[in-house]
Amino acid sequence: MPPDAHTHQIDCLGLTSEEAVAAARDRLGVAVNTSLPAYRRIFREGVRSVGPLHVNMPEVVRTLREPSNEGEVIKFVCRVAPVASPDPEHPLASAPLETESVLIPMIGSAGRQTYTLCLSSQVGCAMGCTFCETAQMGLIRSLTPAEIVAQWYAATHEIGIRPSNIVFMGMGEPMDNYDNVMQAVAVLKDHNGAGAALSRITISTVGRVDGLRKMREQITKPGWHRLNLALSLNSPNDADRSAIMPINRKWSLRDLQQELATWPRYGGNKLCIEYVLIPGVNDSRAHATQIADFMRPLVQQVLQNPTGDPEKDTRIRAVLNLIPYNPRRNSPWPAPTEESVQQFMDWLIEEHVFVKRRRTKGRRMMGACGQLGNEGIRRRQVVPLTQSAKP
Ligand code: SF4
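Everything numeric here is computed off the predicted structure, so don't read it as measured data.

Okay, the confidence of the model for the chain next. Summing up the model confidence of the chain, the mean pLDDT is 88 and the portion of residues at 70 or higher is 85%. When the criterion is pLDDT under 50, residues 301-306 qualifies, and its contacts beyond four places in sequence or with other chains add up to seven contacts. Across residues 379-391, confidence stays below pLDDT 50; counting only partners more than four residues off in sequence or on other chains, it has 37 contacts.

Now for helix α9 (residues 338-350). Over its 13 residues, α9 runs 19 Å from end to end, which matches the ideal 18 Å to within 8%, given 1.5 Å per residue. Taken together, the buried positions of α9 are Val-341, Phe-344, Trp-347 and Leu-348. Along α9, the residues classed as buried sweep out an arc of 125° about the axis, all on the same side. Of the exposed residues in α9, those oriented more than 90 degrees away from the buried face are Glu-338, Glu-339, Gln-342, Asp-346, Ile-349 and Glu-350. Turning to α9, the residues buried within the fold contact β13 (271-277), α8 (285-295), β16 (319-324) and β17 (355-357). Positive backbone phi, at 65°, marks His-352, one or two positions downstream of α9.

Around the ligand lies a shell formed by Cys-125, Met-127, Gly-128, Cys-129, Cys-132, Thr-134, Ala-135, Met-171, Gly-172, Glu-173, Val-206 and Gly-370. Residues belonging to the shell around the ligand are distributed by class as follows: seven nonpolar, four polar and one charged.

Looking now at the pairing of β16. The pairing of β13 with β16 spans six bridges and is classified as parallel. Within the sheet, the bridge partner assigned to Tyr-275 lies in β16 and is Leu-322. One ladder, built from three bridges, connects β16 with β17; its direction is parallel. Residue Leu-320 lies in a different strand from β17, and its bridge partner there is Val-355. Since β16 and β17 lie parallel, the crossover through α9 that links them has a hand, and here it is right-handed.

Another aspect to go through is the nonpolar core. In a soluble, globular protein the nonpolar side chains are often hidden away together inside. If you look at the biggest cluster of nonpolar residues, it comprises 100 residues, and the most contacted ones within it are Cys-12, Ala-20, Val-149, Leu-188, Tyr-275, Leu-277 and Leu-320. Residue-level mapping places this core at the junction of two domains, with at least three residues from each of domain 1 (10-53) and domain 2 (58-262). Apart from residues lying up to four places away in sequence, Tyr-275 is in contact with Leu-233, Asn-234, Ile-291, Leu-320, Asn-321, Leu-322 and Ile-323.

How each quantity is defined
Residues numbered from 1 in each chain as written. Predicted model: local features only at pLDDT ≥ 70, side-chain atom pairs only at ≥ 80, totals over all residues. pLDDT = per-residue confidence, 0-100. Contact = placed C-beta atoms within 7 Å. Helix = DSSP H or I, 4+ residues; strand = E, 2+ residues; numbered from the N terminus. Expected span 1.5 Å × (residues − 1). Buried ≥ 20, exposed ≤ 12 C-beta atoms within 10 Å, placed from the backbone. Arc of directions from axis to C-beta. Near = placed C-beta within 6 Å. Nonpolar A, V, L, I, M, F, W, Y, C, P; charged D, E, K, R; others polar. Pairing = 2+ DSSP bridges. Right-handed = clockwise from strand over helix to strand, strands pointing away. Core = buried A, V, L, I, M, F, W, Y, C linked by C-beta atoms within 7 Å. Domains from an automatic or database assignment.

The structure is reproduced here in structure tokens:
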């Protein structure tokens, strides 16, 4: 990556400290004892420009806040570059694009408030899940690593909330922008910079098995074991799932089950199954039984328990997160009633599924799960574009 022409500095937002130091040395002839402290100050203190390095931050153009019983939910919107189209007549050639991110508050068992940052990996999404607002946009373009990390930077240094957890559950399918997402994770977990704990970062997918295979390789590498995975299941049988999630026509539930049953477990990384409960679509008693069938092979017994003591019998459980549906714009389905959510929880418990309920937050401002998306940009054109910010 060349130094920025006008400043003779290197934009380090999408670079790890090692990459930034190497770029400063190779491009500007700056020694590590100057560039590394600069990198640390930029990420830790939020200083935008230090010596050979700077951050070229997308502007935060809107911030929306909505109270919840665990604190204020904050949705913020950053403006990013338009699509790079050689055609000046392209409908999005000069229109600025926006990323949406959400800070979600949580009160832990000790009464301490923490925040989870829900990041976007693309503007729009190509996956076409029928219940999701983002799908209505189609895919506009993938985000660069710097544009993904910028969402963390904005949360931490502009809004002033350093998130404890980071989930890639905003706009886009992370496996559809795999290399840039993993580069962003490498930057976020860099102990010289953002310093986010890998065990508190979760990549979510609708079930792109090609991406899962790449991630499997990645998490076997030293320093990557504890990266968490979430699968958006949303229906436990192929007919229903294909109707609401087109990806299922390419990779079936059996493909996913086989992939996840042997998912590498390192005694810390989590495997979550996400289930958006939609009235009349996936909320019957039979669905609860089918979920249990799907999850059974994912619940593994730890073999290193020679004592036989059930107290020490650490079962690695795949957790089901039950998410009451948050209606998208013009949704054909309503949100489920409180009674129907509780009924479905009870059926899952009867089926011995380890289930947690996700509390709904930010629904009124279209900031809840499945509600991110720009109404003004809908299916104008699919422009797959994936850039690399590596030097
Ligand atoms: S649920 Fe996720 S993968 Fe599906 S369309 Fe929405 S953003 Fe894309």
